[in-house]
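# Understanding the architecture of this molecule
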Amino acid sequence: MSARPRVFVYREQIEELLRARGREAEIRVPAAARELDGGEVFHVSAADGPNIHSAGSPRRATIVVRGLIDTAGGDQDLRADTDILVVLRERDSEPIAKAYIAQGDNWIPADVTPVPMRGESAARSSGLLESTVLAAKSAAVVGIGSGGSTIAVALAQAGVGRLVLVDRDRLEIGNISRHACGFGDLGRRKGAAVADLLRGKNPAVDVAVHDIDVVRDSAALSRALEGVDLVIGATDSDASRFVVNQVGLDLSITALYGRVLTAAVGGDVVRVRPGVGPCLACVYTERFLVSRPREYSNSAEAAEVSPAYATDADRACVQVGLASDIAPIAQLITKLALLELSRGGGGHLEALDEDLLSDFYVWANRREGMYEGWQRMGFSYDKPSILRWYGAELERRHDCAACGASSARTTGFFGGAR
Ligand SMILES: [Zn+2]
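Predicted model, so just to flag it, every value in this text is computed and none were measured. Here the residue numbering is sequential within each chain, running from 1 through the sequence in written order. This being a predicted model, a pLDDT of at least 70 is required before a residue's local features are given, and a value of 80 or more before pairs of side-chain atoms are given or counted; all residues contribute to the totals for chains, interfaces and linings. Derived side-chain values reflect all non-hydrogen atoms in the structure, with water molecules and hydrogen atoms excluded from consideration.

## Observations concerning the pairing of strand β11 (residues 230-233)
Relative accessibility decides the category of a residue: with a 1.4 Å probe and only protein chains considered, values under 20% of the type maximum give buried, values over 50% give exposed, and everything between is partly exposed. Secondary structure elements are defined from DSSP: runs of H or I of at least 4 residues count as helices, runs of E of at least 2 residues count as strands, and each element is numbered from the N terminus. Residues Leu230 and Ile232 point to one face of β11 and Val231 and Gly233 to the other, with burial holding for every one of them. Pairing between strands requires that DSSP locate at least two bridges from one strand to the other. Relative to strand β12 (residues 254-260), β11 is paired through four bridges, and the arrangement is parallel. The residue bridging Leu230 from the neighbouring strand is Thr254, located in β12. If you view a crossover with the strands going away from you and the path from the first strand over the helix to the second runs clockwise, you call it right-handed. Each parallel crossover has a hand, and for β11 linked through helix α7 (residues 238-251) to β12 it is right-handed.

Put into structure tokens, the structure is as follows:
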């Protein structure tokens, strides 16, 4: 015999509806429901439910809030033109929820699981992370493609309280194989789609979405980043990354940047702590950029590896490489981000401060291209090989146009703004 169906409802909605009943004998609220796994699982929410992307088939549901009528089978008299009936009562100020699934003329009782929308999902990671510290912190992710979306999800899951998403692209077919979102989000703005994904992972997260062309409108980017604790630059071109770098320096916000090289042969990560270490322009000098192959970021280049029937939108986002090639870059950025955000909170993460001394990290996915000459991994651990992080010691360049001593934006040696 199969187990009773399970009905998931939102605890805050139940409490709200019980309060709303007031002196009314009974209130009925039309609700939305999704049926999953052949009727084993149902998700039910009132109209203004949390914006969580849900799979399954739509079903009609009704939530009935009644007074306390404590009789066995007391709900059998309820007649509703609906597939799922959720009945709410209160006893000794404790909410009681029952649910029934329509089957022919009968109601099959189901088990009800209230889902807490505030606080408790992040609390699961407490002990590992200082969740109260992270809940008070905010991070902006600029560019929410394959890398940015993965990082945003990880930060929301860790319990970071506020996330600011900046992107103006839409999710196209060519993105899906490497993006955190799926086919159900095709055509949507990446910001809106990822925001829903984040709420699905952590309903307590506060997400702001900004549709900004960062290269054309750095002033809008500056407004969007105002007040955030950390910026993650995950856009797909050097031009956009340099804009984020300048805005981050101007606002004095610590920033992390990731790149995946052409054909995802490897990638690198830069950490910029304004006034402390090098900035992105100190690291990505013109000479450096020429020496490292760049990724596909325009449709002309991408067209060479795209089939003839691909649309321009597809081509613009075709990049060779798998999600597993992006993952190491996203993972290190996530670690560095959590380290920055939790610093001073006295948690386990701070031990990483002793190891993550570098502001520039290199990763090789394959022994190919510029990594061709690296020795085979084999059993060695003392020579450069693939699938390991390497930190490089880099100085801040004092002639850097973005952050150097000659820049009008920096504070001078004696403390005065130059
Ligand atoms: Zn610099």
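So that's the structure; there's more coming.
## What to know about the pairing of strand β8 (residues 138-142)
Most of β8 is tucked away: five of the five residues are buried. Side-chain alternation along β8 places Ser138, Ala140 and Val142 on one buried face and Ala139 and Val141 on a second face that is also buried. In the sheet, β8 pairs with strand β9 (residues 162-166) via five bridges, with the strands oriented parallel. Among the inter-strand pairings, Ala139 is bridged to a residue of β9, identified as Leu163. Handedness of the β-α-β unit built from β8, helix α4 (residues 146-158) and β9 comes out right-handed. Bridging between β8 and β11 involves four bridges; their strand directions are parallel. When the bridges of β11 are listed, Val141 appears paired with Ile232.

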